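The residues making up each chain are set out below.
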Amino acid sequence: MAENKKADHPENSPEYKALMVNAGIDQPESVNQDSVKRFLNKKRAVLAPEVYINGILAGDITLLSKAVTLVESSKKEHQQVAQEVIKACLPHSGNSIRIGITGVPGVGKSTFIEAMGRYITSKGGKLAVLAIDPSSERSKGSILGDKTRMEELSGDKNAYIRPSPSAGSLGGVARKTRETIILCEAAGFDHIFIETVGVGQSETAVHSMTDFFLLLMLAGAGDELQGIKRGIMEMADLIAINKADGNNVEKADIAKAQYKNALHLFPLKESEWIPQVLTCSAYHKMGIEAIWDQIERYRQQTRNNDHFFRKRNAQAIYWMHETIEEQLKRSFYDRPEIKEKLKIMENYVMHDTMSSFVAAGELLDLYARLR
């Protein structure tokens, strides 16, 4: 191989007697395939449910993380253990304030969460951050880099950060996130942050599992009419205009006035809470205390009028129905007979010999007979 490479260099031709170029070496592969095989073949031992339960109730972060991994796993044996753990932890949950945080990419969600998180832990609170990271539709992978952006918070003994991949399934992630909340609350975390993947469908799912929904915005992201067209504003309990510092202060104040005008056009919430618009700078840690004061006021008001508990009860029923739908869907597609028939139906539909509606009907009829 080296001789061939040496011959490829024109400088080594006899015409250039004074020149000589040594051949390079073959570059090794960037990934050691043997190591990959050993890693994939190595099975992590699944502990007894009691070990996870006792560890979580004792505040053991390592066992909490391992239990969350079981919750996120799609393996049947992992799910069985996870459900036992969740069932045992359920009586110890529900003692936190659950806050959903969303905003467009680049709005500074991670920086804001770190600033707010450090404020909470400095007051003696314990915070769990559940960051949903979008998965690639092509590679199915996720960066899971939110934790690296929160260097101070990740080193805080009273904070726990858990990034989770969406894995292309919004409903599945939402269910797993809700179950992770139960485990975190049982472990003693009294503040739960759920960071969404960005403005989109995921906000509806996160809104349905949190007590308070915070929308981060940027100055210059559109006027009040543009804000109204974004249905996300209807769900917000507070809008915070981030990056209100330096030359951006005046723009942030203008955006604040515009979003205030937009909020006036929405009907009064069932909670009787009137959403506010505030400005802040997460980077400079300005306006964080004022935002937290609003969250505390919301918690006090909704507890006094019982909306806080009514909302949680409604969410529990909602997720029961969502879980039923997800399990029925999984049961449908996991049947070997359905998998075989599905390929035939797809071929019919693709070649326009059968409508999608009729094909779906035949598959559902087959599933009903199998049941």
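Remember, predicted model here, so these are calculated numbers, not experimental data.

Student: What should I look at first to understand the pattern of salt bridges in this one?
Tutor: Where charged atoms of side chains with opposite charge meet at close range, the side chains can pair. Under the criterion given, the structure shown has nine salt bridges. Between Arg162 and Glu72 there is a salt bridge, with the nearest N and O atoms lying 3.1 Å from each other. Here Arg162 is found in strand 3 (residues 159–165), whereas its partner Glu72 is found in helix 4 (residues 61–72), with 90 residues between them in sequence. Asp211 is the salt-bridge partner of Arg312, the closest N and O atoms lying 2.7 Å from each other. One end of the pair, Arg312, is in helix 14 (residues 307–334); the other, Asp211, is in the loop between helix 9 (202–207) and strand 5 (212–217), and 101 residues separate them in sequence. Comparing Arg312 with Asp211, the two get one shared label, buried.

Student: Would you mind going over the environment of Ile56 with me for this structure?
Tutor: Positionally, Ile56 belongs in helix 3 (residues 49–57). Spatially, the C-alpha atom of Ile56 lies 10.0 Å from that of Lys66, the residues being 10 residues apart in sequence. Every residue in contact with Ile56, bar those within four places of it in the chain, is listed here: Leu64, Ala67, Val85, Cys89, Leu183, Ala186 and Ala187.

Student: Explain helix 13 (residues 288–304) here, please?
Tutor: Every α-helix winds through 3.6 residues per turn, so residues three or four apart in the chain are directed the same way. Between the first and last C-alpha of helix 13 there are 25 Å, a value that for 17 residues agrees with the 24 Å anticipated at 1.5 Å per step. Directly after helix 13, the chain includes Asp306, whose backbone phi takes a positive value near 70°.

Student: Any chance you could explain the side chain of Arg162 here in plain terms?
Tutor: Classification of Arg162 as buried rests on a relative accessible area of 14%. Only 3.2 Å separates the side chain of Arg162 from the side chain of Thr69, close enough to count as a polar contact. Contact partners of Arg162, with chain neighbours within four places excluded, come to Ser65, Val68, Thr69, Glu72, Val129, Leu130 and Ala131.

Student: So what exactly am I meant to see when it comes to the confidence of the model for the protein here?
Tutor: Detailed reading of the predicted coordinates is not advisable wherever pLDDT falls low. Chain-level pLDDT for the protein is 84 on average; 80% of the residues reach the 70-or-more range. Note that pLDDT drops below 50 for residues 135–145; the model gives that stretch 18 contacts with residues more than four away or on any other chain.

Student: Please clarify how helix 3 should be interpreted in this entry.
Tutor: Residues Pro49, Tyr52, Ile53, Gly55 and Ile56 constitute the buried set of helix 3. Just past helix 3, the residue Gly59 takes up positive phi, approximately 80°.

Student: Hey, could you run me through the nonpolar core in this one?
Tutor: Nonpolar side chains in soluble globular proteins generally cluster together in the buried interior. One finds Ile56, Leu64, Leu183, Met233, Ile239 and Ile241 to be the most contacted residues of the largest nonpolar core, which totals 49 residues. Among the elements that take part in this core, helix 4 stands out by supplying six residues, more than any other. Here Ile239 is in contact with Leu215, Met217, Met233, Leu263, Gln276, Val277 and Leu278, once residues within four sequence places are set aside. In terms of nonpolar packing, the next biggest core, distinct from the first, is built from 32 residues, Ile101, Leu216, Trp273 and Cys280 among them.

What counts as what
- Sequence order sets the numbering: in each chain, residues are counted from 1 along the sequence as written.
- With the structure being a predicted model, the display of local features is reserved for residues of pLDDT at least 70 and the display and counting of side-chain atom pairs for 80 or more, all residues being used for whole-chain, interface and lining totals.
- Side-chain numbers here rest on the full set of heavy atoms in the structure, without hydrogens or water.
- We define a salt bridge as a side-chain nitrogen of Lys or Arg found within 4 Å of a carboxyl oxygen belonging to Asp or Glu.
- Under the DSSP-based scheme used, a helix requires at least four consecutive residues in state H or I and a strand at least two consecutive residues in state E, with every element numbered from the N terminus.
- Remark: exposure states derive from per-residue accessible area (1.4 Å probe, protein chains only) relative to the maximum for the residue type, with buried under 20%, exposed over 50%, and partly exposed in between.
- Whether two residues are in contact is decided by their heavy atoms, any of which lying within 4.5 Å being enough.
- A helix's residues, less one, multiplied by 1.5 Å, set its expected span.
- Polar contacts, as counted here, are pairs of nitrogen or oxygen atoms within 3.5 Å of one another; within protein the pair requires one atom able to donate a hydrogen and one able to accept it, and residues that are adjacent in sequence qualify only if both atoms are side-chain atoms.
- The predictor attaches a confidence to each residue, and that confidence, scored 0 to 100, is pLDDT.
- What makes a nonpolar core is a set of buried Ala, Val, Leu, Ile, Met, Phe, Trp, Tyr and Cys residues whose side-chain atoms join them at distances within 4.5 Å.

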